[in-house]
Each structure stands twice: as structure tokens, then as C-alpha cells.
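# Close look at the chain arrangement
Here is what each chain is made of, one letter per residue.
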Amino acid sequence: MKLFVLNGPNLNLLGTREPETYGTATLADMQDALCALFPEVDFRFVQSNHEGRLIDALHEAAREGAAGVAFNPGAFTHTSVALRDAVAAIDVPVIEVHLSNVHAREPFRHRSMIAAVSAGQIVGLGAKGYELAVRYFLDAAGA
Ligand code: CA2
């Protein structure tokens, strides 16, 4: 089964700053952990600070017949109609993942452009959120 794990702007900095909010694991640590936990999954990992690259990755997920996308759009979550349109346009379920509990933070983080077009949303569980999204996709496929 092929799954995409997409991470948006600034998430390349994970593990280097703001550990009280985002933890101490780096993005590479999180990706390695997913590969170790789910050797049966063919992962495609994309991190980009550019909205257009994330849109392209969502299109790639559809073109390549991915079974799902675990997507942390970072701050674009709260602003991007273009990402929302891309999620809505593809025939692949997307789970929105946030490391922090966005609902317990500043009011501008409470609104998600992505949530209404996603299969679900996981917030506040740190890196475990990506793992739970993968488990959901595996269960949904009966794997
Ligand atoms: O909680 C999340 O996963 C967020 O998507 C993270 C975004 C934030 O804008 C969203 O509201 C919630 C920010 C990612 C910034 O990542 C950093 C990681 C380490 C150091 C600095 C920033």
C-alpha cells in the first residue's frame, strides 16, 4: 500500500527549536519511525515550504493511486484555499495532522481550511498523530 506523508512550511525545523510546542524529534526521526513501524507500507515523504509543491504532491498521490495522505499543512492550514481545493479535487482520503493542539492555541489557529474536505483531523498528539493516521488507512484497506 502506498501512503503519502506531507509536511508543510517550517516543519523541516522540527527538533531544532520550540521543543516545548513541537517536541524534540526531527522530521527525519518521525519518518524513520514510520518506516520501522510499518515496513509493509510504501511511504512517500514530502516536506515543502512552498504551497505549490504541496499541491503538486497531492496531485501525485492521486496519480500514483495512493491509499491515503497524512497531511500536516503547517500554517497553510489556516489560510490556503488552494490547498483546500487540491484536497477536495483528489480521490484520495486525506487526514489532517497537527503536532500541537491547535484548538488550545491562538484563535487564528482554530480555523482550518482543510478540515471540512478531509476524512478526519488528528491534533495535539505529537508525532503519534502520523502513526494513528497510517493505522487508520491500513484498517480502512483491511490490511
Ligand atoms: O501543530 C502543528 O503541527 C502545526 O501544523 C505546526 C505549524 C503551525 O503553524 C500550525 O498552526 C500547527 C507550524 C510549524 C512550525 O514548525 C516548527 C518546528 C520547529 C521549530 C519551529 C517551527
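Described in the following lines is the structure provided in the data block. This structure is a prediction, so every number in the text was calculated from the model and none was measured.

With that settled, consider unusual backbone geometry. Notably, Asn10 is not glycine yet its phi reads approximately 75 degrees, a positive angle. The backbone phi angle of Glu18 is positive, close to 45 degrees, even though this residue is not glycine. By the element assignment, Glu18 lies in the loop between strand E1 (2–7) and helix H1 (19–22).

The immediate surroundings of the ligand are formed by 17 residues, with Asn72, His78, His98, Leu99 and Ser100 found nearest. Measuring from an oxygen atom of the ligand, one finds a backbone N or O atom of Asn10 at 3.4 Å. Within the contact set of the ligand, an oxygen atom lies 2.9 Å away from a side-chain nitrogen or oxygen of Arg109. Protein chains shield 95% of the accessible area of the ligand, which is 510 Å² for the free molecule. Its residues placed into classes, the shell around the ligand shows eight nonpolar, six polar and three charged.

With that settled, consider the side chain of Thr77. Relative to the helices and strands, Thr77 is located in the loop between strand E3 (68–72) and helix H4 (81–89). Leave out the neighbours within four places in its chain, and Thr77 touches Glu96, His98, Arg111, Ser112, Met113 and Ile114.

Cut-offs applied
Residues numbered from 1 in each chain as written. Predicted model: local features only at pLDDT ≥ 70, side-chain atom pairs only at ≥ 80, totals over all residues. Heavy atoms only, no water. Helix = DSSP H or I, 4+ residues; strand = E, 2+ residues; numbered from the N terminus. Near = heavy atom within 4 Å. Polar contact = N/O pair within 3.5 Å; in protein donor to acceptor, adjacent residues only side chain to side chain. Areas by Shrake-Rupley, 256 points an atom, 1.4 Å probe, with all protein chains shown as cover. Nonpolar A, V, L, I, M, F, W, Y, C, P; charged D, E, K, R; others polar. Contact = heavy atoms within 4.5 Å.

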